[in-house]
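Listed below are the residues making up each chain.
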Amino acid sequence: MQKLFTKTTLLISFISLIFGAIGGGLTGFAVLIGMPDQGSNTGETVINFDNGSYKEVVAKASPAVVSVVAMKDLTEYYNQYSINPFGFTVPNTNGGDQNNSDDSTQDGEKNLSEVSSGTGFIMTADGLVITNKHVVSDETAEYVVILDDDTELPAEVLAKDTLNDIAILQITGEDERIGDLPTIAFGDSENINVGDPVLAIGNALGEYENTTTAGIISAKDRQIVASGTGFGAENLVNLIQTDAAINPGNSGGPLLNLNGEVIGMNTAIDTTASGIGFAIPSNDIAMVLKSYQDNGRIVRPFVGVRYVPVTAQVQTRLNLGVDHGAYVIGDVNSGTAVVEGSPADKAGLKEGDVILSVNGKELNGEFNLQNAIAEYSVGETITLAVYRSGETITVELTLAENETAKESEE
């Protein structure tokens, strides 16, 4: 198949924690702050491990792993800058092309060049692909996916999760295999143990497609603040920690058990350490994918309260009787603490309440109410522990869709 784009020479180099940005650049998150401890280890993963070799697992999963490449026409950039003998970009004072004939356009046609890349995996035979939101964060780029046989096909970004680093793409274009593409299945991320062996597959460094590395699950329920060039810090919770080698470009690739099932999506690395990577659990991803398939968009539930996290300062200033949770309080503009008609309103929550936990999971500075609600779907009923007037009460609440957010998307 004729290639859709040409790779370009590295034009500009940004010093960042884990990736460069132009010319075969690498897309990925870097961990700024590692947070709380590993959680409990329950369940059992069924291992299918033949003669100490991972080859059967790789053969099963690898055909469904794709590279996700962001493309742009860099002609305008070439016309504005040239490269001096020391490798630095400088303004082009000659007002024309700098002998970049390979990347010039003719008759107004685009000549797209790779500007960043990551990984994804195919979930449906007609070409739905899961990847990280930060891999497809550039709204001005066009995207292609590269199959394991090097076929390049255009892709459209269908949806991005507002609360997690998850995005859904659709492979487009004309190819006889669409409708019969290789797929990969989700495993149960609740059914894993620390110490279980895992494999990571991804487009390492944006150059080595479908690189496979092996390791173990190092911890569960990790919480981090992650960031990378071009996007701000994001709080990620409930993550799987692994020591399988994850490099820039691996973002969006699958973390596999030895049945060849996805139990996580590789998302972040701690660049201050060796062998500390993080993956979004498959159950969280499956929930988002199901939401999109059921609704045509990613639907997130809401409670319907405005709140501030309870810190030591908030506790002292407001003379609260608890040292953690979500303090329900109206904002300075609307003054409304509980949205009328919302699940919180129907459940009887009031301004001044402190929501201490959701289904027994304590809210604190690292795990807030938004994080907790993201683990559930519209229509599910949750149990809140609420501190009110000196005592703790139990409140049951049925989650609903935020109609305001829905209208803003339509």
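Caption draft 1: Broad picture of the overall build of the chain. A tally of helices and strands in the chain yields 7 helices and 23 strands. For the chain, restricting intrachain contacts to residue pairs at least 6 apart in sequence, the fraction spanning at least 24 positions comes to 67%. For the chain, the computed accessible surface area is about 19,100 Å², with 47% contributed by carbon and sulfur atoms.

Caption draft 2: View of unusual backbone geometry. At N238, a residue that is not glycine, the phi angle is positive and equals roughly 60°. Among the secondary structure elements, N238 is positioned in strand 12 (residues 231-242). In the Ramachandran plot, N319 falls in the positive-phi region, its phi being about 55° despite a non-glycine side chain. Its location among the elements puts N319 in the loop between helix 4 (312-318) and strand 18 (326-328).

Caption draft 3: Seen up close, the pattern of salt bridges. Under the criterion given, the structure shown has 9 salt bridges. Here E401 ties to R297 by a salt bridge, and the two come within 2.6 Å at their closest N and O atoms. With a gap of 104 residues between them, E401 in strand 23 (residues 400-401) and R297 in the loop between helix 3 (282-295) and strand 16 (301-302) connect regions that are remote in the sequence. For R297, a relative accessible area of 17% puts it in the buried group.

Caption draft 4: Quick look at the environment of L320. Within the secondary structure layout, L320 lies in the loop between helix 4 and strand 18. Here the alpha-carbon distance between L320 and R388, two residues 68 residues apart in the chain, equals 9.9 Å. Contacts of L320, omitting those with residues within four sequence positions, involve V310, V314, Q315, Y327 and V354.

Caption draft 5: Examining the pairing of strand 21 (residues 381-388) more closely. Buried residues dominate strand 21, accounting for 6 of its 8 residues. Judged from the 8 bridges that link them, strand 21 and strand 22 (residues 391-398) form a sheet pairing that is antiparallel. From the neighbouring strand, R388 faces strand 22, where its bridge partner is E391. The turn joining strand 21 and strand 22, which pair antiparallel and follow one another in sequence, is formed by 2 residues; a positive phi near 50° is taken by S389.

Caption draft 6: Structural detail: the environment of E261. Position of E261 among the secondary structure elements: in the loop between strand 13 (254-256) and strand 14 (262-269). In this view, E261 contacts A185, F186, G187, L255 and L256; residues no more than four positions away in its chain are not counted. In terms of polar contacts, E261 uses its side chain to reach the side chain of N257, at 3.0 Å.

Caption draft 7: Representation of the confidence of the model for the chain in the model. Summarising the model, the chain shows a mean pLDDT of 79, and 74% of its residues fall at 70 or more. Of all helices and strands in the chain, the one with the weakest mean pLDDT is strand 1 (residues 29-34) (40), whereas strand 13 scores best (97). Every residue in residues 1-48 scores below 50 in pLDDT, and together they form 165 contacts with partners more than four places removed in sequence or on other chains. Between residues 83-90, whose pLDDT stays under 50, and residues either more than four places distant or in other chains, the model counts 13 contacts.

Caption draft 8: Layout of the side chain of T242. Structurally, T242 is set in strand 12. Taking relative accessible area as the criterion, T242 reaches 0% and is therefore assigned buried. A polar atom in the side chain of T242 sits 3.1 Å from the backbone nitrogen of A244. Those residues within four positions of T242 in sequence are excluded, and the remaining contacts are V198, I216, S218, L255, G275, I276 and G277.

Caption draft 9: Region of the structure containing the nonpolar core. Counting residues in each nonpolar core, the largest one holds 48 residues, and the members touching the most others are V68, I122, I130, I168, I171 and I184. Dropping the residues within four chain positions of it, V68 is found in contact with S116, S117, G118, T119, G120, T131, V135, V136, Y143, V144, V145 and L169. Counting 23 residues, the second largest nonpolar core, distinct from the first, contains V237, A337, I355 and V395.

Caption draft 10: Here's a closer look at the environment of D196. Within the secondary structure, D196 sits in the loop between strand 9 (167-171) and strand 10 (197-204). Residue class for D196 comes out buried when judged on its relative accessible area of 12%. Linking D196 and T242, residues 46 residues apart in sequence, is a C-alpha distance of 9.8 Å. Side-chain polar atoms of D196 contact the backbone nitrogen of N193, separated by 2.8 Å.

Caption draft 11: Representation of helix 3 within the structure. Taking 1.5 Å per residue as the helical rise, helix 3 with its 14 residues ought to reach 20 Å, and the 20 Å between its terminal C-alpha atoms agrees with that figure. When helix 3 is considered as a whole, its buried residues turn out to be S282, D284, I285, V288, L289, S291 and Y292.

Caption draft 12: Region of the structure containing the pairing of strand 8 (residues 152-160). Pairing of strand 7 (residues 142-146) with strand 8, which is carried by 4 bridges, proceeds in the antiparallel orientation. In the strand pairing of strand 8, V145 is matched with L153. Hairpin connection of strand 7 to strand 8: 5 residues between the antiparallel strands, including D150 at a positive phi of 75°. By the bridge criterion, 5 bridges tie strand 8 to strand 9 in an arrangement that is antiparallel. Following the sheet pairing, K160 is matched in strand 9 by A167. Count of turn residues in the strand 8/strand 9 antiparallel hairpin: 6 residues.

Conventions adopted
Note on numbering: residues in each chain are counted from 1, in written sequence order. A pLDDT threshold of at least 70 governs which residues receive local features in this predicted model, and a stricter bar of 80 or more applies before side-chain atom pairs are shown or counted, although totals over entire chains, interfaces and linings include all residues. As a convention, hydrogens and water are excluded, and side-chain values are obtained from all of the structure's heavy atoms. Note on conventions: DSSP H or I runs of at least 4 residues are helices, E runs of at least 2 residues are strands, and numbering of each starts at the N terminus. Between two residues, a contact is recorded if the distance between any of their heavy atoms is within 4.5 Å. Each accessible area is a Shrake-Rupley estimate made with a 1.4 Å probe; only the visible protein chains count as cover when residues are assessed. Salt bridges, as used here, are contacts in which a Lys or Arg side-chain nitrogen is within 4 Å of a carboxyl oxygen on Asp or Glu. Burial classification: accessible surface area is computed with a 1.4 Å probe over protein chains only, and a residue below 20% of its type maximum counts as buried, one above 50% as exposed, and the rest as partly exposed. When DSSP finds at least two bridges between two strands, those strands are taken to pair. Here a polar contact is recorded for every N or O atom pair within 3.5 Å, except that within protein the pair must consist of a potential hydrogen donor and a potential acceptor, and residues adjacent in sequence are included only if both atoms are side-chain atoms. One number per residue, pLDDT, summarises how confident the predictor is, and it ranges from 0 to 100. Nine residue types can take part in a nonpolar core, namely buried Ala, Val, Leu, Ile, Met, Phe, Trp, Tyr and Cys, and a core is a set of them joined through side-chain atoms within 4.5 Å. For a helix, the expected span equals 1.5 Å multiplied by the number of residues minus one.

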